[in-house]
Amino acid sequence: MRNPHAATRAAPAATIFLPDWLAALLMLALACPAPVAAEATPTSGKIAPLELQRSAAPGWQRQKVDSQGSSWPQTDWTGYSTVAAIATPGPNGPLHFETPVTGDAARGRQLAFDRARGGSCVACHVMGKDTPPQPGNVGPDLSTIGAMRDDAWLFNYVYDPRTQNANSIMPPWGAHRLFNVAEIRDIVAFLKTLKTPYHNSDPQDDPATRSPPRDTRDNLDPTENPAMFALDRGKELFDKPGAGGKSCASCHRAPESSFKIWAARMPRFEPRLKRVLGVEEFITRHARVTTGEELPMQGADNIALSVYLHNLANGETIQPDLSSTGARKAAQSGMALMQRKLGQLNMACIDCHTKERHAFKWARGQYLVESRGTVAHFPTWRTSRGDIWDIRKRFQWCNVSVRANDLPPDAREYGEIEMALATINKGEKINSPGIRH
Amino acid sequence: MAEPMKIRAKMEGEFADVKVLMSHPMETGQRKNEKGELVPVHFIQSVIASHNGKTVLDIQWSQAIARNPFLGFRVKGAKAGDKIAIDWTDTAGDKSSIETTVGA
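A.B. asks: Teacher, can you tell me more about the overall build of chain B here?
C.D. replies: When helices and strands are counted, chain B shows zero helices and seven strands. Mapped from its N terminus to its C terminus, chain B presents α and β elements in the order β-β-β-β-β-β-β. Judged by the C-alpha coordinates and their principal axes, chain B covers about 50 × 20 × 20 Å. Long-range contacts, defined as pairs at least 24 residues apart, comprise 54% of the intrachain contacts of chain B with a sequence gap of at least 6.

Shown next as structure tokens:
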């Protein structure tokens, strides 16, 4: 049974169907260097002075606790790919079975349902009548898997699905040491007991019919969104003289008009750094050589200014400037990075966030969205974290969620992904600060 | 330093519906910082809401209230144009106040 909400999102039958990311890639390939439109920028015709030597996040290290005191995954996943480097070893073939696979089905069931271990099998699969509440549907319903597959197939698929199905997005549980061989034997013994089709009578518990979450909060209501405090703070900082005696407002008078579209044209390729700058890194580097203020990325003041500058562009559509070769190359690299398998869980951005793969399904009790529609509200308040996140913090969280080491916020690769996402989100209206769970 | 507050009040039937969002860390005294040291207790202890100067709500809060507390309540007998004020005091003795006019 299809999710009625998902059905309404399906592409009209008459249109040529292309994945968003592929369409964006094609657009990049076809884009001619268009003449740069003469737009009113904050300092029309002048090149913004930037500090170009130092890190924009000095002293950054992978954190244990975030700025609000919430815990942050801190395991070191060196040895698995990150957006900066490919490191994950390839599959080493179906080698690890002895048939029949003997194991303890009761223990296997416990492992399969244990949410503390790798998110558990039920994060993505319905598994028969004993399925715990809120199963996911990224993977197929396994209620009858025991009647369909033999021991060797089951063992190898759990150990490393890449050996049997190149399109599987399931983590290689054995090869990546999330479960040991004895545990996988137990899980297989449990899978062999699953032979009866199961239909969940509660439509809200069945991932195929569960309603997608709808956030009805008004993100610009100051009594609803704590990020609105940062908007006030950002306004204040804009007018506050820095160490050199000048404030942002000394040069940028009437920010309401001069910054009307600025944030909607970010990120941008910066030829002096030969990489992509987002709003936040721009603030750090520009302030160092203008007001003399040190506003490191992901510091509270940097984010407050970012909220203010994004908010000034509210209602404007995202239109990344792809007129330079550097910008197009960066966006292409970003698209490629979004296809890279990352971390111990071996997942790529596109695995969960494109409708051709698993967007609009449920994983780990969470609803997966596609990558279009995910950036226009940043920086955004996260109620579950009690903090305002800029887009780079979101990327860091994506990384640790698939158990890959996160990078400093000014990493070149994050810039490329930000550019790729701006391309995918072209035409979306800025609406900042956002509010999300 | 007085922490900021946001307030909104408008008439809904015979009540004034008031929403207040406070900015405060509401430290419980149980949390550890990055160095593993306990963060000292620091939370809003007392909140007083008044309607045209008369106290209509007097609350004692504890560590159990979350960071950036949201407070919603309704005032019977209020009318558009009345003043609603909020005053809080925290464990460090810091105070903050805000006043608004009830909208129609």
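A.B. asks: I tried to follow the overall build of chain A on my own but got confused; where do I start?
C.D. replies: Across its full length, chain A holds 15 helices and seven strands. For chain A, the proportion of its 437 residues judged to be buried stands at 46%. Residue pairs at least 24 apart in sequence account for 74% of intrachain contacts in chain A once pairs closer than 6 positions are excluded.

A.B. asks: For this particular structure, what's the right way to read the nonpolar core?
C.D. replies: Generally speaking, soluble globular proteins have nonpolar side chains that are buried together. Residues and elements named next belong to chain A. Among the nonpolar cores identified, the biggest contains 73 residues, and Ala-227, Ala-230, Ala-263, Val-307, Leu-309, Ala-313 and Ala-420 are the most heavily contacted of them. Taken domain by domain, the makeup of this core includes at least three residues from each of domain 1 (105-191) and domain 2 (218-437). Setting aside residues no more than four positions away along its own chain, Ala-263 makes contact with Val-279, Leu-309, His-310, Leu-312, Ala-313 and Ile-430. Core analysis: the next-biggest nonpolar cluster, separate from the first, contains 22 residues, Ala-112, Val-122, Val-126 and Tyr-157 among them.

A.B. asks: Where do I start with the domain arrangement of chain A in this structure?
C.D. replies: Where the parts come together, the accessible area they lose is often given as the size of the interface. Residues and elements named next belong to chain A. For chain A, the assigned domains read domain 1 (105-191) and domain 2 (218-437). If you average the C-alpha positions of domain 1 and of domain 2, the two centres end up 36 Å apart. The partner domain 2 presents 12 residues to the 12 residues of domain 1 that form the contact. Among the residues making up the side of domain 1 that touches domain 2, the classes are represented as seven nonpolar, five polar and no charged.

A.B. asks: Even after reading the chapter, I still don't get the packing of helix H7 (residues 227-239) of chain A against helix H11 (residues 300-312) of chain A, so can you show me in this structure?
C.D. replies: Helix-helix packing is described using two parameters, namely the angle between the two axes and the distance between the axes. Residue and element names in this part refer to chain A. H11 packs onto H7 with a crossing angle of 95 degrees between their chain directions and a minimal axis gap of 7 Å. Classified by the angle their axes make, H7 and H11 are roughly perpendicular. For the pair H7 and H11, contact is made by Ala-227, Ala-230, Leu-231, Arg-233, Gly-234, Lys-235, Leu-237 and Phe-238 and by Asp-301, Ile-303, Ala-304, Leu-305, Val-307, Tyr-308 and Asn-311, respectively. Looking at the contact of H7 with H11 residue by residue, the class counts come to 10 nonpolar, two polar and three charged.

A.B. asks: I'm lost on the packing of helix H10 (residues 279-289) of chain A against H11(A) in this one. Help?
C.D. replies: Residues and elements named next belong to chain A. As a packed pair, H10 and H11 sit with axes 9 Å apart at the nearest point and diverge in direction by 115 degrees. In the packing of H10 onto H11, the handedness of the crossing is right-handed. Between H10 and H11, the residues in contact are Val-279, Glu-280, Ile-283 and Thr-284 and Asn-302, Leu-305, Ser-306, Leu-309 and His-310, respectively. A class-by-class count of the residues in the contact of H10 with H11 yields four nonpolar, four polar and one charged.

A.B. asks: Explain the interface of chain A and chain B here, please?
C.D. replies: Taken together, the contacts link 10 residues of chain A with 13 residues of chain B. Here the residues of the side of chain A that touches chain B sort into five nonpolar, three polar and two charged.

A.B. asks: How should I be thinking about the confidence of the model for chain B in this particular structure?
C.D. replies: As a general rule, the predicted coordinates of low-pLDDT regions are not to be interpreted in detail. The predicted model of chain B has a mean per-residue pLDDT of 92, with 98% of residues at 70 or higher. On the interface metric, ipTM, the complex scores 0.80, and its pTM is 0.87.

A.B. asks: Help me understand the sheet that holds strand S6 (residues 83-90) of chain B, please; the structure alone is not making it clear to me.
C.D. replies: What holds strands together in a sheet is hydrogen bonding between their backbones, with the strands either parallel or antiparallel. Residue and element names in this part refer to chain B. Taken in spatial order, the four strands line up as S4-S3-S6-S7 in an open sheet, and their pairing is antiparallel. Among the strands making up the open sheet, the edge pair consists of strand S4 (54-60) and strand S7 (95-101). Neighbouring strand axes in the sheet, compared pairwise and without regard to direction, differ in orientation by 15 degrees on average. Taken together, the seven bridges between S6 and S7 define a ladder with antiparallel strand orientation. Following the sheet pairing, Ile-86 is matched in S7 by Ile-98.

A.B. asks: Even after reading the chapter, I still don't get unusual backbone geometry, so can you show me in this structure?
C.D. replies: Between Met266(A) and Pro267(A) the backbone carries a cis peptide bond, its omega angle lying at 0 degrees. Positionally, Pro267(A) belongs in the loop between helix H9 (255-258) and strand S1 (268-270). Here the bond from Phe378(A) into Pro379(A) is cis, since omega is -5 degrees, no more than 30 degrees from zero. If you trace the backbone, Pro379(A) turns up in the loop between strand S4 (366-367) and strand S5 (380-382). Even without a glycine there, the phi angle at Lys274(A) is positive, about 55 degrees. By secondary structure assignment, the location of Lys274(A) is in the loop between S1 and strand S2 (275-277). Judged by the 10 C-beta atoms lying within 10 Å of it, Lys274(A) is exposed. Positive phi, normally seen in glycine, also occurs at Met26(B), with a value near 50 degrees. Tracing the backbone shows Met26(B) in the loop between strand S2 (15-22) and strand S3 (44-51). Here Met26(B) falls in the buried class, since 20 other C-beta atoms lie within 10 Å of it.

A.B. asks: Before we go on, may I ask you to explain the pairing of strand S1 (residues 5-12) of chain B in this structure?
C.D. replies: One face of the sheet, then the other: side chains in a regular strand alternate in exactly this way. Of the pairings in the sheet, the one linking S1(B) to S2(B) comprises eight bridges and is antiparallel in character. Along S2(B), the bridge assignment pairs Met11(B) with Ala16(B).

A.B. asks: What is the right way to read helix H3 (residues 105-113) of chain A from this model?
C.D. replies: Residue pairs three or four apart in sequence face the same way in an α-helix, which turns once every 3.6 residues. Residue and element names in this part refer to chain A. Those residues of H3 lying buried are Gly-108, Arg-109, Leu-111 and Ala-112. One side of H3 carries all its buried residues, which in axial view fall inside an arc of 165 degrees. Of the surrounding elements, those touching the buried residues of H3 are helix H6 (181-191).

A.B. asks: Please clarify how the sheet that holds S2(B) should be interpreted in this entry.
C.D. replies: Residues and elements named next belong to chain B. The strand order across the open sheet built from three strands is S1-S2-S5, with neighbouring strands paired in antiparallel fashion. Of all the strands in the sheet, the pair left with one neighbour each is S1 and strand S5 (70-76). On average, each strand axis in the sheet is inclined to that of its neighbour by 15 degrees, with strand direction left out of account. Here S2 pairs with S5 via seven bridges, running antiparallel. If you follow Phe-15 over to S5, its bridge partner there is Lys-76.

Reading the values: the criteria
- Residues numbered from 1 in each chain as written.
- Chains lettered and ligands numbered in written order.
- Predicted model: local features only at pLDDT ≥ 70, side-chain atom pairs only at ≥ 80, totals over all residues.
- Helix = DSSP H or I, 4+ residues; strand = E, 2+ residues; numbered from the N terminus.
- Contact = placed C-beta atoms within 7 Å.
- Buried ≥ 20, exposed ≤ 12 C-beta atoms within 10 Å, placed from the backbone.
- Core = buried A, V, L, I, M, F, W, Y, C linked by C-beta atoms within 7 Å.
- Domains from an automatic or database assignment.
- Nonpolar A, V, L, I, M, F, W, Y, C, P; charged D, E, K, R; others polar.
- Axes fitted to C-alpha atoms, helices over the stretch in contact; angles between N-to-C directions.
- Parallel < 35°, antiparallel > 145°, perpendicular 65-115°, else oblique.
- Left-handed = near helix turned anticlockwise from the far one by under 90°.
- pLDDT = per-residue confidence, 0-100.
- Pairing = 2+ DSSP bridges.
- Arc of directions from axis to C-beta.

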